[in-house]
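Fold and geometry: a report
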Amino acid sequence: MTTALTTFVSTHDRQRPGVRAAVRSIQGLTLILLLLIGIGPLYWMVKGAVSPPTELTTQPLALWPDRAALGNFATAYTDLSVGRYLMNTFLVVGGSWFVQLFVSATAGFALSVLRPKFGKVVYGAILATMFVPYTVNMVSLFMTVIDVPFLHLNLGDTYWAIWLPAGTNAFTVLLAKQFFDALPRELFDAARVDGANTRQLLTRIVLPMSKPVLAVISLLAVMHSWKDFIWPLVAITDPEKQPISVALAQLATQAPQDQLIAAMVLAVAPPVLVFVVCQKYIVAGLGFTGVKG
């Protein structure tokens, strides 16, 4: 915003008190507007979670309830089994994050650093999968999960049915490859001269220099796994194993409205906290990788 205002207001004009005050006022209003857009929905969700059902219907636009029911969070955590669903979600997200990070880093390393003979063909095949809609692959993915080729294993109703497909994310593989391509190849040549093998080249040189892109891949993996609904609904039919994204859709038909909104707040809180704590590393990683939006 400051850059845009600098473009339209000359340096001489900015030295005038009236113009400087106007510029600061516009910047302040823009900041307030962005805060309202970003924090407003979260605040309204928290307000709905602590509002009694009667006030939700009679005073829906009130800024805060007259009698805040803070016990709704504890009730939702215990009575609606949100705690169990959150634990299931942590297991789903943790496994999906590890598989996706491992596959993206190793595949990007192979395509960028090792450069096998058919690397360009593999790279083109990975790139082609990005043009196939996710829902088109769902039937074939489900058939593969219930009867794994060669092994003839049924992974249905297990977290492996979610963890393993998470590694087939073409975008994060290409993102890792793009970052590895920018690393100086002189380091790889010098390491090989010193006797480093392929594993040492990956673990001691490439990965320590790739923390920004690994942070971005981790963010994308966690956010996608946390909010994914369709595939966990198809792969996990046991209610005791389902993540919070699937459980909320089922609770919507039977839970009181205030407790349901409290459950939504508990479901949203972990990824928001992760972003708040790790935003410095995430922003730095986005700057290095060139990801926009």
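Reference entry: report on the structure contained in this document. (Residues numbered from 1 in each chain as written. Predicted model: local features only at pLDDT ≥ 70, side-chain atom pairs only at ≥ 80, totals over all residues. Heavy atoms only, no water.)

Tallying secondary structure elements over the protein chain gives 16 helices and zero strands in all. Whereas a compact globule of 293 residues would reach a radius of gyration of roughly 19 Å, the protein chain reaches 24 Å, over 25% beyond that. Seen along its three principal axes, the alpha-carbon backbone of the protein chain occupies a region of about 70 × 70 × 35 Å. Residue burial in the protein chain is summarised as follows: out of 293 residues, 36% are buried. In the protein chain, once contacts between residues fewer than 6 apart in sequence are set aside, the share between residues at least 24 apart is 69%. Accessible surface computed for the protein chain: about 17,500 Å², of which carbon and sulfur atoms make up 70%. (Helix = DSSP H or I, 4+ residues; strand = E, 2+ residues; numbered from the N terminus. Rg over C-alpha atoms; globule rule 2.2 N^0.38 Å. Buried < 20%, exposed > 50% of the residue type's maximum accessible area, 1.4 Å probe, protein only. Contact = heavy atoms within 4.5 Å. Areas by Shrake-Rupley, 256 points an atom, 1.4 Å probe, with all protein chains shown as cover.)

So, about unusual backbone geometry. For serine 81, which is not glycine, the phi torsion reads 60° and is therefore positive. By secondary structure assignment, the location of serine 81 is in the loop between α5 (71–78) and α6 (82–114). Assessed through its relative accessible area of 22%, serine 81 is described here as partly exposed. Even without a glycine there, the phi angle at arginine 115 is positive, about 50°. Along the chain, arginine 115 turns up in the loop between α6 and α7 (119–129).

Quick look at the side chain of asparagine 88 now. Positionally, asparagine 88 belongs in helix α6. Taking relative accessible area as the criterion, asparagine 88 reaches 7% and is therefore assigned buried.

Here the focus is the nonpolar core. For soluble globular proteins, the rule of thumb is that nonpolar side chains tend to be buried together. Ranked by internal contacts, the top residues of the largest apolar core, which has 22 residues, are Leu80, Val82 and Ile244. Listing elements by their share of this core, those giving two or more residues are α6, α13 (211–227), α15 (244–251) and α16 (257–289). It is α16 that contributes the most residues to this core, seven residues altogether. With 19 residues, the next largest nonpolar core counts Leu175, Ala176, Leu201 and Val206 among its residues. (Core = buried A, V, L, I, M, F, W, Y, C linked by side-chain atoms within 4.5 Å.)

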